[in-house]
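Residue strings, one per chain:
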Amino acid sequence: MLSEEELAVLEAIRRSGSLTRAAASLGKAPSTLSHAARQLEARFDALLFDRRRYRLQLTPAGQLLADGASRVMEDVSRLTRRVKQVASGWEDRLWIVTDELLEFETLLPLVHDFDALQSGVSLRITHEVLSGTWEALSDGRADLVVGATNEPPAMPGLRWFELGVMEWVFAVSVRHPLAKAREPLERELIASHRAVVVADTSRNSRGRAYGILGGQASLAVPSMRAKILAQRDGLGVGWLPARRVAALLKRGDLVAKRTADPREPNILYAGWRGGSEGRALNWWLERLRQPRLVQRLVQGLDVVA
């Protein structure tokens, strides 16, 4: 391990190519720097400086030492900052998993505000679908889940609160056969047409899907936006978040249909494991309790494409 002074000697010589200029940049006498360079070579028992040419240069061994020592010093500096960060109550990293129902764009203002704290905490934000969201918390792949659907599962240390309610509308393309069907739509009629569903990301179970009736064909897509676009294009039918398709309904690309079996609204939850809340997690929990923010998250962004 090189000291900061020894690393500075290597860097100064590599940068200037001259013992005199290197010494001047460090505020030392050339003789002092020459002595320090020879001590380094003696310590490593290797020729680190090429003195045969007009320019003083590092040998391949000296270059390797300078590069490696620089990386080590940077790593030590980062580790020191992280240790101080954790000691002051901030986590090293915060892993947030959102249900795919929530668009990442609605979280961007929160990320900007969190960055302004300059806490040093690394954020990791990923998403899951349906059962996969709660499962991420259970499996240790999340510190905080946002927008999870259905009631919180039995889980040691689980803490949670309700974010809000998402309303749904059964909608089909204006070109779909069900667009002109008599209302309310019966289960048997709906089941004769393909449903579009967002694929559950559960790793520990077969997962689940909303809106599929017994024997009904289905098209599984990767996101709610993809589901909305697929239904707009007449590729299937199903329930969609009412606020996110308001523009498509108003424009006539989608048609809302009453059904004989209405779908109940979904409660969305925030959940985390209690007992080890750091400052970053507490900051996010506090913000997620703000009504205006929650309303924007739950309502989502209107799909206009």
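The notes below deal with the structure included here. These numbers were taken from a predicted model, which means no experiment stands behind them. (Residues numbered from 1 in each chain as written. Predicted model: local features only at pLDDT ≥ 70, side-chain atom pairs only at ≥ 80, totals over all residues. Heavy atoms only, no water.)

**Thoughts on the overall build of the protein**
Consideration 1: Of regular secondary structure, the protein possesses 11 helices and 12 strands.
Consideration 2: Over its C-alpha trace the protein gives a radius of gyration of 30 Å, far above what one expects of a compact globule, namely 19 Å for 305 residues.
Consideration 3: For the protein, the spread of C-alpha atoms along the three principal axes comes to 95 × 40 × 35 Å.
Consideration 4: Here the protein holds 305 residues, and the buried ones make up 44% of them.
Consideration 5: Residue pairs at least 24 apart in sequence account for 72% of intrachain contacts in the protein once pairs closer than 6 positions are excluded.
Consideration 6: Per element, the accessible surface of the protein, about 16,500 Å² overall, is 52% carbon and sulfur. (Helix = DSSP H or I, 4+ residues; strand = E, 2+ residues; numbered from the N terminus. Rg over C-alpha atoms; globule rule 2.2 N^0.38 Å. Buried < 20%, exposed > 50% of the residue type's maximum accessible area, 1.4 Å probe, protein only. Contact = heavy atoms within 4.5 Å. Areas by Shrake-Rupley, 256 points an atom, 1.4 Å probe, with all protein chains shown as cover.)

**A short note on helix 2 (residues 19–26)**
Consideration 1: The N-cap of helix 2, judged by a side-chain oxygen 3.3 Å from the amide nitrogen of Thr20 a few residues on, is Ser18.
Consideration 2: Immediately downstream of helix 2, the backbone of Gly27 shows phi near 70 degrees, a positive value. (Polar contact = N/O pair within 3.5 Å; in protein donor to acceptor, adjacent residues only side chain to side chain.)

**Some thoughts on the sheet that holds strand 10 (residues 238–241)**
Backbone hydrogen bonds are what pair the strands of a sheet, in a parallel or an antiparallel way.
Consideration 1: In spatial order, the strands read 10-7-11; together these 3 strands make up an open sheet with antiparallel pairing. Looking at which strands have only one partner, the edges of the open sheet turn out to be strand 10 and strand 11 (254–256). Averaged over all pairs of adjacent strands, the angle between strand axes in this sheet comes to 55 degrees, irrespective of strand direction.
Consideration 2: As paired elements, strand 7 (residues 168–173) and strand 11 share 3 bridges and run antiparallel to each other. Pairing of Val172 across the sheet is with Val255, part of strand 11.
Consideration 3: Here helix 8 (residues 224–232) sits on the sheet in contact with strand 7, strand 10 and strand 11, set at roughly 125 degrees to strand 10. (Pairing = 2+ DSSP bridges. Axes fitted to C-alpha atoms, helices over the stretch in contact; angles between N-to-C directions.)

**As for the pattern of salt bridges**
It is possible for side chains of opposite charge to pair when their charged atoms get near one another.
Consideration 1: In total, this model carries 15 salt bridges according to the counting rule given.
Consideration 2: The partner of Arg14 in a salt bridge is Asp67, with the nearest N and O atoms 2.8 Å apart. In this pair, Arg14 is assigned in helix 1 (residues 4–16) and Asp67 in helix 4 (residues 60–87), connecting sequence segments 53 residues apart.
Consideration 3: Take Arg14: its relative accessible area is 28%, and that puts it in the partly exposed class.
Consideration 4: Judged by its relative accessible area of 28%, Asp67 falls in the partly exposed class.
Consideration 5: Note that Arg159 is salt-bridged to Glu277, the shortest N-O span being 3.3 Å. Of this pair, Arg159 sits in strand 6 (residues 158–166) while Glu277 is found in the loop between strand 12 (266–273) and helix 10 (279–287), placing the two residues 118 residues apart along the sequence.
Consideration 6: Relative accessible area serves as the criterion here: at 44%, Arg159 is assigned to the partly exposed category. (Salt bridge = Lys/Arg side-chain N within 4 Å of Asp/Glu carboxyl O.)

**Let's talk about the packing of helix 1 against helix 2**
Consideration 1: The N-to-C vectors of helix 1 and helix 2 enclose an angle of 130 degrees; their axes lie 8 Å apart at closest approach. One way to sum up the angle between helix 1 and helix 2 is to call them oblique. Crossing handedness for the pair helix 1 and helix 2: right-handed. Taken together, the residues of helix 2 that come into contact with helix 1 (itself represented by Ala8, Val9, Ala12, Ile13, Arg15 and Ser16) are Arg21, Ala22, Ser25 and Leu26.
Consideration 2: Taken together, the residues of the contact of helix 1 with helix 2 sort by class into 6 nonpolar, 2 polar and 2 charged. (Parallel < 35°, antiparallel > 145°, perpendicular 65-115°, else oblique. Left-handed = near helix turned anticlockwise from the far one by under 90°. Nonpolar A, V, L, I, M, F, W, Y, C, P; charged D, E, K, R; others polar.)

**Brief notes about the nonpolar core**
Consideration 1: Grouped together as the largest cluster of nonpolar side chains are 54 residues, with contacts concentrated most on Leu144, Leu163, Phe170, Trp284 and Leu288.
Consideration 2: With residues up to four places along the chain from it excluded, the contact list for Leu288 reads Leu110, Leu144, Val146, Phe161, Leu163, Leu293, Val294 and Leu297.
Consideration 3: Counting 19 residues, the second-largest nonpolar core is a separate cluster that includes Leu40, Leu48, Phe49 and Leu65. (Core = buried A, V, L, I, M, F, W, Y, C linked by side-chain atoms within 4.5 Å.)

**Looking at the sheet that holds strand 5 (residues 144–148)**
Consideration 1: Across the sheet, 5 strands lie side by side as 4-3-5-12-6; this open sheet has mixed pairing. On the outer flanks of this sheet lie strand 4 (122–128) and strand 6, each paired with one strand and no other. Averaged over neighbouring strand pairs, the angle between their axes works out to 15 degrees when direction is ignored.
Consideration 2: By the bridge criterion, 7 bridges tie strand 3 (residues 93–99) to strand 4 in an arrangement that is parallel. Within strand 4, the position partnered with Trp95 by the bridge is Arg124.
Consideration 3: Sheet strands touched by helix 11 (residues 291–299): strand 6 and strand 12. Its angle to strand 6, the strand with the most contacts, is close to 70 degrees.

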